[in-house]
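Results of the structural survey
Chain residues, written in single-letter form:
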Amino acid sequence: MSEAPSSRFAGRTAIVTGASRGIGLAVAERLVAEGARVVITGRKQAALDEAVARLGAGQAVGVAGHADDPDHQAEVVARAVDAFGGADLLVNNTGINPAYGPLVDLDLAAARKVFEVNCLAALSWVQQVHRAWMGEHGGAVVNVSSVAGVRPAAGIGFYGASKAMLTHLTQQLAVELGPDIRVNAVAPAVVKTRFATALYEGREEEVAAAYPLRRLGVPTDVGGAVAFLLSEDAAWITGQLLVVDGGLTLTGGV
């Protein structure tokens, strides 16, 4: 029998990147609600401090820095181990998309930055937690991908390509790190966050009409899916991509 949802992460510590707001904060809130302690990251300490106050100072620590900085990653993992005694769970949520338009017009410098943050940084985070904790103690990882990595999406083609690579990294890591470490991913469609505002602002009803569930996602939709994949309820699931999209991809949309 599974543990009660309110305690299924009791005694476990999670690192959630990009968690001062939006999906990352919703993930952190869900994990704390179910007993975890969390170390959250973001670029601005003031925003992280607000998030920590919301999560509970005894349950959360915020460490500011750039997600693709190895020194920042090492500091965060060390803080998790020092403050809470481990680094059992990792959620690679940070993602950027500074370029919009067709690939033939893509600024390659911007593309390189997307690749660094969305792909290589996620891999580096896994390497860091593996060396510091999971390699000896086991754990679970969830990477936040996107439906744009499942099929082409107008205007965000390279972002989608980076998320497709993240999905493949998820599968490869699941093979290499099993049986003691599980690695999965979620692929949200449009979720109502500041990051996605340009995709629906001023026309939310029109955008949502393409979804069988007739609404856009909210951060807690993704938070619940991530919590499931991190939990022992998903103990026989690894290397999988869970699409969280209100049914959008069923209709051919992204």
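Residues numbered from 1 in each chain as written. Predicted model: local features only at pLDDT ≥ 70, side-chain atom pairs only at ≥ 80, totals over all residues. Heavy atoms only, no water.

A closer look at the sheet that holds strand β1 (residues 13-16)
With respect to topology, seven strands assemble into an open sheet ordered β3-β2-β1-β4-β5-β6-β7, the strand pairing being parallel. Across the chains shown, the open sheet's two edge strands, defined by having one partner strand only, are β3 (60-64) and β7 (241-244). Strand after strand, the sheet turns through a mean of 15 degrees between neighbouring axes, direction not considered. The pairing of β1 with strand β2 (residues 37-42) spans four bridges and is parallel. (Pairing = 2+ DSSP bridges. Helix = DSSP H or I, 4+ residues; strand = E, 2+ residues; numbered from the N terminus. Axes fitted to C-alpha atoms, helices over the stretch in contact; angles between N-to-C directions.)

Thoughts on the UniProt feature "domain: Ketoreductase" (unreviewed entry) in the chain
Within the UniProt annotation, "domain: Ketoreductase" (unreviewed entry) is assigned to residues 12-189. With 50% helix and 19% strand, residues 12-189 has its two end C-alpha atoms placed 29 Å apart. (UniProt positions renumbered as here; feature names shortened; annotations may be inferred.)

Quick notes on the pairing of strand β5 (residues 139-144)
Counting buried residues along β5, six of its six residues qualify, which places the element largely inside the surrounding structure. Of the two faces of β5, both are covered, the one formed by Gly139, Val141 and Asn143 as well as the one formed by Ala140, Val142 and Val144. The β-α-β motif built from strand β4 (residues 89-92), the intervening helix α4 (residues 108-137) and the parallel element β5 has right-handed crossover chirality. Note: β5 against strand β6 (residues 181-188), six bridges, orientation parallel. Paired with Asn143 across the bridge in β6 is Ala185. Once the chain exits β5 it traverses helix α5 (residues 157-177) before rejoining the sheet at β6, and the crossover so formed is right-handed. (Buried < 20%, exposed > 50% of the residue type's maximum accessible area, 1.4 Å probe, protein only. Right-handed = clockwise from strand over helix to strand, strands pointing away.)

Details of the side chain of Thr167
Mapped onto the fold, Thr167 is located in helix α5. When near neighbours in sequence (up to four residues on either side) are disregarded, Thr167 contacts Ser145 and Leu241. (Contact = heavy atoms within 4.5 Å.)

Considerations on the pattern of salt bridges
Under the definition given, this model contains eight salt bridges. Between Arg54 and Glu29 there is a salt bridge, with the nearest N and O atoms lying 2.5 Å from each other. With Arg54 in helix α2 (residues 45-55) and Glu29 in helix α1 (residues 22-33), this residue pair connects regions lying 25 residues apart in the sequence. On the accessibility criterion, Glu29 (26% relative accessible area) is partly exposed. (Salt bridge = Lys/Arg side-chain N within 4 Å of Asp/Glu carboxyl O.)

Quick notes on empty space enclosed by the protein
Counted by the stated rule, this structure contains three cavities of 30 Å³ or more. Volume-wise, the largest cavity comes out at about 60 Å³. Where the lining of the largest cavity is concerned, the elements lending two or more residues are α4 and α5. A per-class count over the lining of the largest cavity returns six nonpolar, five polar and one charged. The space that makes up the second largest cavity amounts to roughly 50 Å³. In terms of lining, the second largest cavity is formed by Asn97, Ala99, Tyr100, Gly101, Leu103, Leu106, Gly155, Ile156, Gly157, Phe158 and Tyr159. (1 Å grid on protein atoms, 1.4 Å probe; cavity = no way out; pocket = protein on both sides within 12 Å on 5 of 7 lines; lining within 4 Å. Points joined across faces, edges and corners; volume = space filled by probe spheres on them. Nonpolar A, V, L, I, M, F, W, Y, C, P; charged D, E, K, R; others polar.)

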